[in-house]
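As a plain string of letters, each chain reads:
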Amino acid sequence: MGKPLVLGNWKMHGTQRSAHALALGVVARAAEFSHVDVGLCPPFVHIPTVAAVVFGSAIRVGAQNVSERGEGAFTGEIAATMLRELGCTYVLVGHSERRQGYAETNAGVVAKYVHAHAAGLCPVLCVGETLAERQTNATETVIESQLEPLVARPDVVALLAHGVIAYEPVWAIGTGETATPAQAQSVHAFIRRRLAAVGPNVAQSVRIVYGGSVKPVNANELFAMPDVDGGLIGGAALKIEDFVAICVSAEQLRRGR
Ligand code: PEP
């Protein structure tokens, strides 16, 4: 297992003031999880505020989305190079709320991945099945189709060696429902096996984090799974105590391994 990674996805929440306070609260506690990579992904407009607060600390800043194109006449879009210039390290690509609400396609998500990587960002590829897909035993087929445009391109597969995949079952996001540790482990292992088929080194080094109602009460058992390398945290990332507790869970398991 690589160094654990815990990312906070703040979604479309907060003001400049609350973003500043939240980032400051996490930075103040950073010594408690010094063996964990931690990133905060605020809304675009709060990135400069958060970047200024985390500057000089081990906490990194990320974005929740990026254009699949380079700079140009694309009204309302944000280029990967712009995020990099603002100091972003991470960027989420293909979050289910974007796949579902903004019709993002598997191919478009991979285009974002490639652009983000080329700009020097660490893209976090989000995958996951809906409840109906799980109930019809289609989970692996869906994950396979989400990974397909990636694994079909050897140049992109190589990028994954230092990359991150977030497994986020759609039915667990923001619902209070969490995948059981066994359910998470099973899908994470599937993703690793799938990547191993195209690049054994990639499968070993890629970090696969779990997202979907991770809270202080369930973080320990999820992070204890052998193929779970950390978490992508939504609601609980908006509360300093909860987010710090989750980071500390990752830290303890890292030390225990
Ligand atoms: C997310 O949106 O990536 C997420 C995991 O949200 P929550 O933790 O609130 O389920």
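Draft legend 1. Expanded view of the packing of helix α7 (residues 139-151) against helix α9 (residues 181-196). Contact geometry of α7 with α9 gives a least axis separation of 11 Å together with a crossing angle of 35°. Once α7 is placed against α9, the crossing between them reads as right-handed. Contacts between α7 and α9 involve T139, E140, I143, E144, L147 and V151 from the former and V187, F190, I191, R193, R194 and L195 from the latter. Classifying every residue of the contact of α7 with α9 gives seven nonpolar, one polar and four charged.

Draft legend 2. Quick peek at the sheet that holds strand β1 (residues 5-9). A barrel is described by the order of its strands in space; here eight strands give the closed sequence β1-β2-β3-β4-β5-β6-β7-β8, paired in parallel fashion. Averaged over neighbouring strand pairs, the angle between their axes works out to 25° when direction is ignored. Sheet analysis places β1 next to strand β2 (residues 37-41), joined by five bridges and oriented parallel. Paired with V6 across the strands is V38, a residue of β2.

Draft legend 3. Local environment of the site of the ligand. Neighbouring the ligand are 14 residues, the closest being K11, E168, G174, S213 and G235. Contact distances for the ligand include 2.6 Å between an oxygen atom and a side-chain N or O atom of K11. Across the complex, the protein chains shield 97% of the 290 Å² of accessible surface that the ligand would expose by itself. Among the residues forming the shell around the ligand, the class breakdown is four nonpolar, eight polar and two charged.

Draft legend 4. Examining the pattern of salt bridges more closely. One pass over the structure, following the stated rule, counts 13 salt bridges. For the salt bridge of R29 with E32, the shortest nitrogen-to-oxygen distance reads 2.5 Å. Judged by its relative accessible area of 22%, R29 falls in the partly exposed class. Among the residues examined, E32 registers a relative accessible area of 36% and is labelled partly exposed. Here R134 makes a salt bridge to E129, at a shortest N to O gap of 2.8 Å. The class for E129 is buried, based on a relative accessible area of 0%. The network of salt bridges with common partners includes K3, D37 and R207.

Conventions and cut-offs
Residues numbered from 1 in each chain as written. Predicted model: local features only at pLDDT ≥ 70, side-chain atom pairs only at ≥ 80, totals over all residues. Heavy atoms only, no water. Axes fitted to C-alpha atoms, helices over the stretch in contact; angles between N-to-C directions. Helix = DSSP H or I, 4+ residues; strand = E, 2+ residues; numbered from the N terminus. Left-handed = near helix turned anticlockwise from the far one by under 90°. Contact = heavy atoms within 4.5 Å. Nonpolar A, V, L, I, M, F, W, Y, C, P; charged D, E, K, R; others polar. Pairing = 2+ DSSP bridges. Near = heavy atom within 4 Å. Polar contact = N/O pair within 3.5 Å; in protein donor to acceptor, adjacent residues only side chain to side chain. Areas by Shrake-Rupley, 256 points an atom, 1.4 Å probe, with all protein chains shown as cover. Salt bridge = Lys/Arg side-chain N within 4 Å of Asp/Glu carboxyl O. Buried < 20%, exposed > 50% of the residue type's maximum accessible area, 1.4 Å probe, protein only.

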